[in-house]
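# A structural walkthrough
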There are 2 protein chains.
Amino acid sequence: MTDLNLMRELATEGRTRILLLVLDGLGGLPMTPDGPTELEAAHTPNLDTLAARSICGMSMPVAPGVTPGSGPGHLSLFGYDPLRYEIGRGVLEALGIGFDLQPDDLAARGNFCTLDAQGLITDRRAGRIPTEVGARLCEKLRQIHLPGVDTFVEPVKEYRFVLVLRGEGLCDGLTETDPQQVGKPPLPVEPLRPEAAPAAKLLNRWMAEARGLLTDEHPANGCNLRGIAKDPGLPRMPEIYKLRCGAIATYPMYRGVARLAGMEVLPTGDTIEDEVETLRRHWADYDFFFFHVKKTDSRGEDGDFEGKMKVIEHFDALLPDILTLEPDVVIVTGDHSTPALWKAHSWHELPVLLWAKHIRPDGVARFGERPCMAGGLGHIHHTDLLPLAMAYAGRFAKFGA
Amino acid sequence: MTDLNLMRELATEGRTRILLLVLDGLGGLPMTPDGPTELEAAHTPNLDTLAARSICGMSMPVAPGVTPGSGPGHLSLFGYDPLRYEIGRGVLEALGIGFDLQPDDLAARGNFCTLDAQGLITDRRAGRIPTEVGARLCEKLRQIHLPGVDTFVEPVKEYRFVLVLRGEGLCDGLTETDPQQVGKPPLPVEPLRPEAAPAAKLLNRWMAEARGLLTDEHPANGCNLRGIAKDPGLPRMPEIYKLRCGAIATYPMYRGVARLAGMEVLPTGDTIEDEVETLRRHWADYDFFFFHVKKTDSRGEDGDFEGKMKVIEHFDALLPDILTLEPDVVIVTGDHSTPALWKAHSWHELPVLLWAKHIRPDGVARFGERPCMAGGLGHIHHTDLLPLAMAYAGRFAKFGA
């Protein structure tokens, strides 16, 4: 597993450029035992040509059998062991809606719920109320003012919202209120360390006031707070790797995770074409680019095998344009697998290609799960990719005399 | 990663023999995308025959993208995690010139430098003075006597030298004097722990006297000390593995690292033939042999693809002779890659073959980077090789009941 102190010690300044192309949820499964995966079924002449000139392999996002969410999948690609560097659920949720989270903000994921007359939870998701209802309830909860801190209540989707506390001395290390079962009341927030006691007190006061404001609502007459967390304060990529890092992504979540890693997030449009244009415009300004394609994952989650194929083909058609920028190192992979067959993320390894001017050829001539299993990189870990890219970019000094 | 306590627990006495054949810098790269590597281009009928009867694979010296120096590359082959067991630069430098370093000696790598009238460094390498000048200056510095310790000043090459302090109570944990940039003066040696304070005091006194002795020299009117270190006190191979270990190497550096690992270093000549003769003469005396071929790395560092091929072919021609000794386990690999294309060490995995009487055949019929990528060992780590050899030599007990 990557030792960030070692990375810091080896990294050198340079003018070479690394391009990390992430097709979200790229990995797939065949719909029938002998069939192709989404990537194998897609017509990808440009990826295939690049694969033939690259060293290929299979890359593990977290650990065997462990299905990552978007946070861990990307942390891993950015070189952070996701089992060591966790991003709290509240923070991820805030990033996911594009909330401009500050380093000292305390963020919680909120769930509206249904309480009975005794205050016991009867439905942890308040009957999955429509998003508009959730938004109206958030509006109501914004009336709560806590002494010495600003509060933000932002709707997410259905029964979900984000609560952010902003102020001095808010420490994390706090328990959740959700008892994770019906028939129990929401629990008080408890501090897990003495410094977190003031924040616990504020959150419990907020919960009490929220209960008062929601009392006449139905079915969402209560709420819970989960994953109360702060920006994990990751060591930042520019400081570890001496890279100027730019991120190009169309969805807030990925921009947010990139920002936590210390990347500068570049404004871009909604399409892959927009992202390529952004890459071109900023090509001179950075030496590492994280380029994120979202829709492969979206179509996988929809169970839309053909749709996922089409997104891959769309990306493939734009690849030659991207390569005219002449990066020194190109990596193509995904953060995790999202097989259309399962309509969900999965733990499966991802096909990966690494192109650089001088690689050891491995005979892999097509980009797909089966061909990459025989690739020269073998079975590696997402956290190995950035160190390999650094080495191929000539940005690592020798270790030891 | 190898757990030395586990190794110690499993190792048993025996009469079987393990032969570790290390071709320094063996791994290479093709000069053109479709071309062969040095090893693939070489005519190696004997290695190929052996590979066909062996289990093959690719072996990682340290970590993905991490290019090892000679120290870490060999430590790893000897079963020590090189990220955990580091050999200080001063120690490696002393070993490299064949200095008979004692366990309690404190060794520093010295660099002559140029100072201006204010004592600020203007050239960290003193214009790369000729080796003869460096030797004369070392002679001069031998006049310095420190209370209670012996000092040794030995020239290395050009502006480099080794300073060794020998005496009671010399602790390491000391900062370097080299500020790593021009326009600054040499820094005082600072102790990083209280026990190192006496050594720091002695070294600062030595630095002050050295400055006085060098003051009229030009351009080498100053010096710096780097990597001030002691023998890392590695757990010794004979004690961990219950192996009587002999080392055969023509260069001081490799003999030195082998000695740190607890091997007995056998006197030998300059050629591979001499080394084979040494191996034959001592065959009955040891049950593990480290056999080192240096020139593959030298030709790689020269950028001499053909020359590196020829060294491999030379070794190949001697292999049948070696095998007549009937070792029980043979490993052939390198400490790290040194592609002639790059004229430098690289991080790339090494092809490896492991021969023993009963192995699982894997269909690899040639010894080379591409064939070994498909080998039955898969992608392993240098530190895995010794445990595998122990197992194939019947020298490991069962783990657990």
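Placed above this text is the structure.
Described below are features of the structure shown in this document. (Residues numbered from 1 in each chain as written. Chains lettered and ligands numbered in written order. Predicted model: local features only at pLDDT ≥ 70, side-chain atom pairs only at ≥ 80, totals over all residues. Heavy atoms only, no water.)

Residues and elements named next belong to chain A. Running from amino to carboxyl end, helix H10 (residues 272-281) crosses helix H12 (residues 305-323) at an angle of 15 degrees, the nearest separation of the two axes being 10 Å. What the angle tells us is that H10 and H12 run roughly parallel. In this structure, H10 crosses over H12, and the sense of that crossing is right-handed. Of the residues in H12, those touching H10 at Ile272, Glu273, Val276, Leu279 and Arg280 are His314, Phe315, Leu318, Asp321 and Ile322. (Axes fitted to C-alpha atoms, helices over the stretch in contact; angles between N-to-C directions. Helix = DSSP H or I, 4+ residues; strand = E, 2+ residues; numbered from the N terminus. Parallel < 35°, antiparallel > 145°, perpendicular 65-115°, else oblique. Left-handed = near helix turned anticlockwise from the far one by under 90°. Contact = heavy atoms within 4.5 Å.)

Right, let's talk about the pairing of strand E3 (residues 106-115) of chain A for a bit. Residue and element names in this part refer to chain A. Within E3, ten of the ten residues are buried, which leaves the element mostly enclosed by the surrounding structure. Of the two faces of E3, both are covered, the one formed by Leu106, Ala108, Gly110, Phe112 and Thr114 as well as the one formed by Ala107, Arg109, Asn111, Cys113 and Leu115. Of the strand pairs in this sheet, E3 and strand E7 (residues 222-229) are connected by six bridges, and their pairing is antiparallel. The residue bridging alanine 107 from the neighbouring strand is alanine 229, located in E7. By the bridge criterion, two bridges tie E3 to strand E4 (residues 121-123) in an arrangement that is antiparallel. When the bridges of E4 are listed, threonine 114 appears paired with aspartate 123. (Buried < 20%, exposed > 50% of the residue type's maximum accessible area, 1.4 Å probe, protein only. Pairing = 2+ DSSP bridges.)

The pair of chain copies shares a relation made of a rotation about an axis and a shift along it. Once turned by 124 degrees and shifted 0.1 Å along the axis, chain B lies on chain A with an RMSD of 0.2 Å. Taken together, the rotation angle and the small translation identify this as a three-fold axis. (Least-squares fit on C-alpha atoms with pLDDT ≥ 70 in both.)

Another aspect to go through is the pairing of strand E12 (residues 350-356) of chain A. Residues and elements named next belong to chain A. The element E12 is largely enclosed, with a buried count of seven among its seven residues. Burial of E12 is two-sided: the residues Leu350, Val352, Leu354 and Ala356 facing one way and the residues Pro351, Leu353 and Trp355 facing the other way are all buried. Relative to E12, strand E11 (residues 329-333) runs antiparallel, the two being bridged by four bridges. Counted as the bridge partner of valine 332 is leucine 353 from E12.

Bringing the sheet that holds E12(A) into the picture now. Residues and elements named next belong to chain A. Pairing is mixed in the open sheet, where eight strands are placed in the order E9-E8-E10-E1-E11-E12-E2-E13. Of all the strands in the sheet, the pair left with one neighbour each is strand E9 (264-265) and strand E13 (378-381). Set on the sheet, H10 makes contact with strand E1 (18-23), strand E8 (245-248) and strand E10 (288-293); between it and E10 the angle comes to about 175 degrees. In the packing of helix H14 (residues 382-392) onto the sheet, contacts are made with E1, strand E2 (55-60), E10, E11, E12 and E13, and the angle to E13 comes to roughly 100 degrees.

These results come straight from atomic positions and should not be treated as a statement about function.
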